[in-house]
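Structure assessment
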Amino acid sequence: MVKLVFLCRRRPDLSHDRYVERLLRGHVPLALRHHPTLRKYVVNVVDGRRAGAEELDSIGELSFDSLDDFRDHLYDDEEGRRIVERDVAGFMGGAQAYVTREHVQKGPVTTAPLGARSPGVKIVGLVRRPDGMTHDAFVAHWLDRHVPLAPAHHPGLHKYVTNVVTARLGDGPEWDGIAELHFPSVEAMRTRFFDSSDGERIIRGDMARFIGRTWGYDVVEYVQRVP
């Protein structure tokens, strides 16, 4: 499958809470009804952002069997297209889309019923390589050198997903990867994020070798559809 990640912002006339209500109660049922080729759908409501990150309201994850299914077969019919597009215009101020290749490094973890809030805590990190490094070199370091460090030095981590960006659809910042880190609780994230001070030094030292910029978001996950 191919996975698209959408970085979404609300209309300026809406509050974040009103945006979330429109997204979960209004848009999600329409998307599930009128996107027949959508295989997996996850909505992440932004609950906080780390220093330096631009404001977002939600991060959507939409998976399809192929990119053609998204480009050419997204809607059930023209009426479905009009319904969804009219709804989106009512609450969405803008979105940036990225095509990714998903790698589940640790997991999966049992989630709540479809449509309900997933248990635990989730962090989404947008990652950009440093100047002078190629995208391929970034990917090789991330997957082959950095990912193996996670199990030993992030003992509280119970699910870890790396999404390698393969294309950017339209305008938006250039990102090389999107990471998802799941913890069973806030306490596990705070007290067991690193195994030790040496583990933290190893992880942060390695990150400096292949990451030039990152935006981090604390999100609340709602899994809406699974294959």
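Residues numbered from 1 in each chain as written. Predicted model: local features only at pLDDT ≥ 70, side-chain atom pairs only at ≥ 80, totals over all residues. Heavy atoms only, no water.

1. A few points about the nonpolar core
It is characteristic of soluble globular proteins that their nonpolar side chains tend to be buried jointly. Ranked by size, the top nonpolar core spans 26 residues in total, and within it Leu-4, Phe-6, Tyr-19, Tyr-41 and Phe-64 carry the most contacts. Breaking this core down by element, the ones donating at least two residues are strand E1 (2–10), helix H1 (16–34), strand E2 (40–49), strand E3 (58–64), helix H3 (78–91), strand E4 (92–106) and strand E8 (213–225). Counting 18 residues, the second-largest nonpolar core is a separate cluster that includes Phe-138, Leu-157, Val-164 and Phe-210. (Core = buried A, V, L, I, M, F, W, Y, C linked by side-chain atoms within 4.5 Å. Buried < 20%, exposed > 50% of the residue type's maximum accessible area, 1.4 Å probe, protein only. Helix = DSSP H or I, 4+ residues; strand = E, 2+ residues; numbered from the N terminus.)

2. Some thoughts on the pattern of salt bridges
Pairing is possible between side chains of opposite charge, provided their charged atoms come close. Using the criterion set out here, one finds 25 salt bridges in the structure. Lys-122 is the partner of Glu-61 in a salt bridge, and the nearest nitrogen-oxygen pair spans 2.9 Å. Placement of the pair is Glu-61 in strand E3 and Lys-122 in strand E5 (residues 121–128), with a sequence separation of 61 residues. Like Lys-122, Glu-61 is buried. A salt bridge links Arg-128 to Glu-174; its shortest N-O distance comes to 3.2 Å. Taken together, the positions of Arg-128 in strand E5 and Glu-174 in the loop between strand E6 (159–169) and strand E7 (177–183) put the pair 46 residues apart, joining distant regions of the chain. (Salt bridge = Lys/Arg side-chain N within 4 Å of Asp/Glu carboxyl O.)

3. Some thoughts on the side chain of Asp-176
Here Asp-176 is to be found in the loop between E6 and E7. Since its relative accessible area comes to 1%, Asp-176 is described here as buried. Once residues lying within four places of it in the same chain are set aside, the contact partners of Asp-176 are Val-127, Arg-128, Arg-129, His-135, Phe-138, Asn-163, Val-164 and Val-165. (Contact = heavy atoms within 4.5 Å.)

4. A few points about unusual backbone geometry
Following Gly-107, the chain continues to Pro-108 via a peptide bond in cis, the omega torsion being 0°. On the secondary structure map, Pro-108 appears in the loop between E4 and E5.

5. Topic: the sheet that holds E7
Within the closed barrel, the 8 strands sit side by side as E1-E3-E2-E8-E5-E7-E6-E4. Their pairing is antiparallel. Strand after strand, the sheet turns through a mean of 35° between neighbouring axes, direction not considered. Strand direction decides the pairing type here: E4 and E6, joined by 9 bridges, are antiparallel. Bridge assignment links Glu-102 to a residue of E6, and that residue is Asn-163. Of the strands in this sheet, E1 and E4 touch H3, which is tilted by about 105° from E4. (Pairing = 2+ DSSP bridges. Axes fitted to C-alpha atoms, helices over the stretch in contact; angles between N-to-C directions.)

6. Notes on the packing of helix H4 (residues 135–146) against helix H7 (residues 197–210)
For the pair H4 and H7, the least separation of the axes is 10 Å and the interaxial angle reads 160°. Relative to H7, the element H4 is oriented roughly antiparallel. Considering how the two elements wind past one another, H4 and H7 form a crossing that is right-handed. In contact with Phe-138, His-141, Trp-142, Arg-145 and His-146 of H4, H7 contributes Ile-203, Asp-206, Met-207, Arg-209 and Phe-210. Across the contact of H4 with H7, the residue classes tally to 5 nonpolar, 2 polar and 3 charged. (Parallel < 35°, antiparallel > 145°, perpendicular 65-115°, else oblique. Left-handed = near helix turned anticlockwise from the far one by under 90°. Nonpolar A, V, L, I, M, F, W, Y, C, P; charged D, E, K, R; others polar.)

7. Some points on the pairing of E1
Extensive coverage of E1 is indicated by the burial of 7 of its 9 residues. As defined by bridge partners, E1 adjoins E4 across 8 bridges and the pair is classed as antiparallel. The residue bridging Arg-10 from the neighbouring strand is Met-92, located in E4.

8. A look at H4
Burial in H4 covers these residues: Phe-138, Val-139, His-141, Trp-142 and His-146. The buried residues of H4 occupy an angular sector of 165° when the element is viewed end-on, so they sit on one face. Structural note: H4 exposes Asp-136, Asp-144 and Arg-145 on the side pointing more than 90 degrees away from its buried face. On its buried face, H4 sits against E5, helix H5 (150–153), E6, E7 and H7. (Arc of directions from axis to C-beta.)

9. Details of H7
Spanning 14 residues, H7 covers 21 Å between terminal C-alpha atoms, matching the ideal 20 Å at 1.5 Å per step. Within H7, the full set of buried residues consists of Gly-199, Ile-203, Asp-206 and Phe-210. Angularly, the buried residues of H7 cover 70° about the axis, an arc narrow enough to put them on a single face. Facing away from the buried surface of H7 by more than 90 degrees, the exposed residues are Ser-197, Arg-201 and Ala-208. (Expected span 1.5 Å × (residues − 1).)

10. Remarks on the side chain of Ser-118
In this structure, Ser-118 sits in the loop between E4 and E5. A distance of 2.7 Å separates polar atoms of two side chains, one belonging to Ser-118 and the other to Glu-221. In this structure, Ser-118 is in contact with Thr-111, Ala-112, Glu-221 and Val-223, ignoring residues within four places of it in sequence. (Polar contact = N/O pair within 3.5 Å; in protein donor to acceptor, adjacent residues only side chain to side chain.)

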